Amino acid sequence: MSERSLRGTQLGSRSLESEEGVEPAPRQMVEFECEDGTKFKVPFSIEAEVPSTWDSGLHGIGVRVGVNEADGEPGKHVRSHWDMLLERRSFDELQVLLDERLAVRRGEVPAQG
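Not measured: the values here are computed from a predicted model. (Residues numbered from 1 in each chain as written. Predicted model: local features only at pLDDT ≥ 70, side-chain atom pairs only at ≥ 80, totals over all residues. Heavy atoms only, no water.)

What follows deals with a nonpolar patch on the surface. Side chains of Trp-82, Leu-86 and Phe-91 sit close together on the surface and give an oily, nonpolar patch of about 320 Å² of accessible area. Secondary-structure assignment places Leu-86 in helix α1 (residues 81–88). By relative accessible area, which is 36% here, Leu-86 ends up partly exposed. (Patch = residues over 30% accessible without salt bridge, like charges linked within 9 Å, V, L, I, M, F, W, Y side chains within 5 Å. Areas by Shrake-Rupley, 256 points an atom, 1.4 Å probe, with all protein chains shown as cover. Salt bridge = Lys/Arg side-chain N within 4 Å of Asp/Glu carboxyl O. Helix = DSSP H or I, 4+ residues; strand = E, 2+ residues; numbered from the N terminus. Buried < 20%, exposed > 50% of the residue type's maximum accessible area, 1.4 Å probe, protein only.)

See the structure below:
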């Protein structure tokens, strides 16, 4: 390898751009409080939609200080697998299917493929 190589320039480890004229985005500090009374602050962009809860990482989920939950929109119900299954089949149909599969597992009925 040539002695005139770029040895010692630390290529890729450091940016050659300067911080001159760069302004960080405006931020707001939002305070959250955990159930055990621990308060912590999280920086958010002013343009960001701030959530009503945030995980502190140490003390659990913190609730945003100074915000009324009644003012916000009600939380959307998260559908579980069971909810989606009940949308497609009735409980009686599911019971019949369960009984059939249990009979196959017990060896009472040969499996159909």
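All right, on to the sheet that holds strand β4 (residues 61–64) then. Pairing is antiparallel across the open sheet formed by four strands, whose spatial order is β2-β1-β4-β3. In this open sheet, the two edge strands, each paired with only one partner strand, are β2 (39–45) and β3 (53–55). On average, adjacent strands in this sheet sit at an angle of 40° to one another, irrespective of strand direction. Two elements, β3 and β4, share three bridges in a ladder whose sense is antiparallel. Within β4, the position partnered with Asp-55 by the bridge is Ile-61. (Pairing = 2+ DSSP bridges. Axes fitted to C-alpha atoms, helices over the stretch in contact; angles between N-to-C directions.)

This part takes up the packing of aromatic side chains. Evaluated as defined, the whole model comprises five aromatic pairs. Ring geometry for Phe-32 and Phe-40: centres 5.7 Å apart, planes at 20°, overall stacked. Per residue, the accessibility class of Phe-32 equals that of Phe-40, and both read buried. The structure contains a cluster of three or more aromatic residues connected by ring pairs, namely Phe-32, Phe-40, Phe-44 and Trp-54. (Phe/Tyr/Trp six-rings, centres within 6.5 Å; stacked < 30°, edge-to-face > 60°.)

Any residue range with low pLDDT should be treated as having predicted coordinates unsuitable for detailed reading. Per-chain confidence: the protein averages 82 in pLDDT, with 81% of residues scoring 70 or above. Mean pLDDT in the protein bottoms out at β4, which sits at 89, and peaks at helix α2 (residues 91–106), which reaches 94. (pLDDT = per-residue confidence, 0-100.)

What follows covers α2. For α2, which comprises 16 residues, the first-to-last C-alpha distance of 22 Å matches the rise-based estimate of 22 Å (1.5 Å per residue) to within 8%. One or two positions beyond α2, positive phi appears at Gly-107, with a value near 85°. (Expected span 1.5 Å × (residues − 1).)

Orientation of α1 relative to α2, taken along the N-to-C sense of each, is 100°, at an axis distance of 8 Å. It follows that α1 is roughly perpendicular to α2 by the angle criterion. Two secondary-structure elements touch here, α1 through Trp-82, Leu-85, Leu-86 and Arg-88 and α2 through Phe-91, Glu-93 and Leu-94. Of the residues in the contact of α1 with α2, the class split is five nonpolar, no polar and two charged. (Parallel < 35°, antiparallel > 145°, perpendicular 65-115°, else oblique. Contact = heavy atoms within 4.5 Å. Nonpolar A, V, L, I, M, F, W, Y, C, P; charged D, E, K, R; others polar.)

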